[in-house]
Structure formats: C-alpha cells, structure tokens
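Remarks on the overall topology
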Amino acid sequence: MKKSGKARAHTNIALIKYWGKADEALIIPMNNSLSVTLERFYTETRVTFDEALTEDQLVLNGEQVNAKESVKIKRYMEMIRKEAGITEHALIESENFVPTAAGLASSASAYAALAGACNEALQLGLSDKDLSRLARRGSGSASRSVFGGFAEWEKGQDDATSFAHSIDAKGWEDDLAMIFVVINNKSKKVSSRSGMSLTRETSRFYQYWLDHVDADLKETKEAISNKDFKRMGEVIEANGLRMHATNLGAQPPFTYLVPESYEAMRIVHECREAGLPCYFTMDAGPNVKVLIEKKNQQAIVDKFLQTFDQEQIITSDITKSGIEIIK
C-alpha cells in the first residue's frame, strides 16, 4: 500500500548567524540563531512510501538523481524509517523554486519540505517543534524553515532540545523585504561545512564571536518587538561581519568575500547616507543580502543598478507562511 504526502517550505536567511556545530552527527549548533523566511524561494516535495520499492529514489526538478548524489538523502530517509518504525522505501519528487543565480543554498527549504511531506505521508502528527527537530537532522537551517516570518533556532544540548520556534513580529514582516546582490554562484573553495569546522577548531577569533551572539540575539528580538528597523539592522550587520572575521583567524585563514562584496556593502552605506535605511548580511559565500523597508525598495534597487547588472539583483518579500501541506 502506498502512502503519500506533499509539502512546501520556504528558504530562510539567518540574520543572527549559526556558525559551527557542537555535534556534527545530530547537527547541534554552537549558538542560537535567528532568521527571516523568504516568500520568493521555496521547495515543493512529494514523498510516496511504497513497499514495491527496493531503495529510495530521488527525482529533483524532473530528473533522476544518481546514487552518489543522493547518499545524504538516503541516510536521512533511514533515520525517518527508524523514527516512524517502518521499512518501506520512498520515491521523493522535489522541485526547487530557488534560482541557482540567487546564490542561495536550497537545503533549508528542501529538508523542511521533505520533513513535512514525510509527516503527512506517514500521519506522524508531529508538532511544529518536533517537525523542526526532524528537519534539523537534514540541514540545520531547515529547522527554521518550518516557520514563516522571524524564527529563532534554540541550540539546545541534545536532539530533544535543539529546535526552532516562531517569533511574533506583530505583522512587521509585511513592511520588510530583502534584496539579493548576486556576485558569484560558482562552487566555493571552502564549503560551509568545512569552513565551520576549521573556524571552530582553529580560529583565535571564534570565542569572541560566541561571547557576543547572545547579546546580539537579545537586542535583535527587542528591536523586532519594538519594530525598530535601525537598531535591528545595526546588530545584524555587525553580527554578519563578526562571523566572517572569525574565518580570517582560522589556520589557514580564508574568506568567502570578494571585492564585489565590499562594493555592495559600500552601496548600502551610500543608501543610508541618502536617507534610505538598509542593512547587509552575508552567509558563507560572496553574495550580499540587504534587508530593507519595502517602501524604499525601488529606490534602493535603482542605487544597486548603477553598479550591478539587472540579473544580479533579485528581490523577495518576507513570508509569514511556514510549512504548507499541498493536497
């Protein structure tokens, strides 16, 4: 007998960063993080458990994924079967609406959608908290994509206590948006996973980073509660720069940023001087994400278009939708 479920989940951008794992196997982070969920970028996944299948099969954007590339997914599905107490393998059909050019990793939306689809197919009846825990086992940031708007991932101490939850912004998400300045979408010389491990193990700046994250989180949540865009922006900008600074203290030192990244940051400063408040953040890559107030979107986009090409600028609203079940 076949059991099927389909879910949609959106990707998110960390405003207060997660950088480094305390437990690699369980994906328990070294620090709490806070993100915002994006309307434009999402993944839809259908999972069909079928006793006739002899192994898990993954179809991504209409194409069969080869065995080598699907190793991580198959490992994740083994964990799902163990949790659910079943033996059936599954056909996983996934579509990513995350343009490669955006320089966005789709793992957050992909694993959140997969967890949601499995929960639906197997009628597990998981709470949002437990769904977040399940998504986290595939990709840490997926724990936050279970929720729309602002979400905080509590680091916890173990599998049971490491999960994300929603932050009530009283509708402020409707007033905000994000601009993506796409600088380079080529493969990184240092993967996020390798960069996290190397920095945590060798960077002389890493402890300084950890020592300031809790204060950054507290201030950001207060700013969200007060709808204080300037204060939130100042904190998330400093947090992102501090994260990237830890990489320069690693042995050997490395950086994800390139000259064009700094050029995008310069334009953000120019916008602020022109009375257009906006604030940047960067993940483990050169692309720059700019948090804006929606009322200023076109004026800020126009500023970037003076330096960057049209195809390098992508915008997205913030969504308040968490995981959605698709019938």
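Our structure's up above, just so we're on the same page.
In this report, we go over the structure that sits alongside the text. (Residues numbered from 1 in each chain as written. Predicted model: local features only at pLDDT ≥ 70, side-chain atom pairs only at ≥ 80, totals over all residues. Heavy atoms only, no water.)

1. What to know about the sheet that holds strand 12 (residues 288–293)
With respect to topology, four strands assemble into an open sheet ordered 11-12-10-13, the strand pairing being antiparallel. The sheet terminates laterally at strand 11 (278–281) and strand 13 (313–317), the two strands that pair on one side only. Averaged over neighbouring strand pairs, the angle between their axes works out to 25° when direction is ignored. Note that strand 11 and strand 12 share four bridges and pair antiparallel. Looking at strand 12, one finds that Tyr279 is bridged to Leu291. Relative to the sheet, helix 7 (residues 259–273) contacts strand 10 (176–181), strand 11 and strand 12, its axis offset from that of strand 11 by approximately 160°. (Pairing = 2+ DSSP bridges. Helix = DSSP H or I, 4+ residues; strand = E, 2+ residues; numbered from the N terminus. Axes fitted to C-alpha atoms, helices over the stretch in contact; angles between N-to-C directions. Contact = heavy atoms within 4.5 Å.)

2. Considering the pairing of strand 12
Within strand 12, six of the six residues are buried, which leaves the element mostly enclosed by the surrounding structure. The two faces of strand 12 match: Val288, Val290 and Ile292 on one face and Lys289, Leu291 and Glu293 on the other face are all buried. Where strand 11 hands over to strand 12, the hairpin turn is made up of six residues, counted between the paired strands. (Buried < 20%, exposed > 50% of the residue type's maximum accessible area, 1.4 Å probe, protein only.)

3. What about the pattern of salt bridges?
One pass over the structure, following the stated rule, counts 27 salt bridges. Between Glu270 and Arg266 there is a salt bridge, with the nearest N and O atoms lying 2.3 Å from each other. Here the residue Glu270 and the residue Arg266 both occupy positions in helix 7, the gap between them amounting to four residues, near one helical turn. What makes Glu270 partly exposed here is its relative accessible area of 36%. Counted as one network, the salt bridges with shared partners bring together Asp130, Arg133, Arg136, Arg137 and Asp159. (Salt bridge = Lys/Arg side-chain N within 4 Å of Asp/Glu carboxyl O.)

4. Looking at the nonpolar core
One finds Val47, Phe49, Tyr76, Met77, Leu114, Phe150 and Met232 to be the most contacted residues of the largest nonpolar core, which totals 73 residues. Considering every element that reaches this core, the biggest residue donor is helix 2 (residues 107–121), with eight residues. If you look at the next biggest cluster of nonpolar residues, it comprises 22 residues, including Ala177, Ile183, Leu257 and Val288. (Core = buried A, V, L, I, M, F, W, Y, C linked by side-chain atoms within 4.5 Å.)

5. Considerations on the packing of helix 7 against helix 8 (residues 297–305)
If you want to describe how two helices pack, look at the angle between their axes and the distance between the axes. One way to put it is that helix 7 packs onto helix 8 with a least axis distance of 10 Å and a crossing angle of 135°. By the angle class used here, helix 7 and helix 8 are oblique. Read as a crossing pair, helix 7 and helix 8 show a hand that is right-handed. In this structure, helix 7 contributes Ala264, Ile267, Val268 and Cys271 to the contact, and helix 8 contributes Ile300, Lys303 and Phe304. For the contact of helix 7 with helix 8, a count of residues per class yields six nonpolar, no polar and one charged. (Parallel < 35°, antiparallel > 145°, perpendicular 65-115°, else oblique. Left-handed = near helix turned anticlockwise from the far one by under 90°. Nonpolar A, V, L, I, M, F, W, Y, C, P; charged D, E, K, R; others polar.)

6. A short note on the environment of Glu270
The sequence separation of Glu270 and Phe304 amounts to 34 residues, and the corresponding C-alpha distance is 10 Å. In this structure the side chain of Glu270 is engaged in a polar contact, spanning 2.3 Å, whose partner is the side chain of Arg266. (Polar contact = N/O pair within 3.5 Å; in protein donor to acceptor, adjacent residues only side chain to side chain.)

7. Examining helix 2
An ideal rise of 1.5 Å per residue puts 21 Å on 15 residues; helix 2 measures up with 21 Å between its terminal C-alpha atoms. Here helix 2 lies mainly inside the structure; 13 of its 15 residues are buried. Looking one or two residues past helix 2, Gln123 carries a phi angle of roughly 50°, positive in sign. (Expected span 1.5 Å × (residues − 1).)

8. Here's the deal with unusual backbone geometry
A cis amide bond links Gln251 with the next residue in sequence, Pro252, at an omega value of 0°. One can find Pro252 in the loop between helix 6 (229–248) and helix 7. The phi dihedral of Asn61 is positive, around 50°, even though this residue is not glycine. Looking at the element boundaries, Asn61 is found in the loop between strand 5 (57–60) and strand 6 (63–64). With a phi angle near 55°, Lys170 is a residue other than glycine that sits in the positive phi range.

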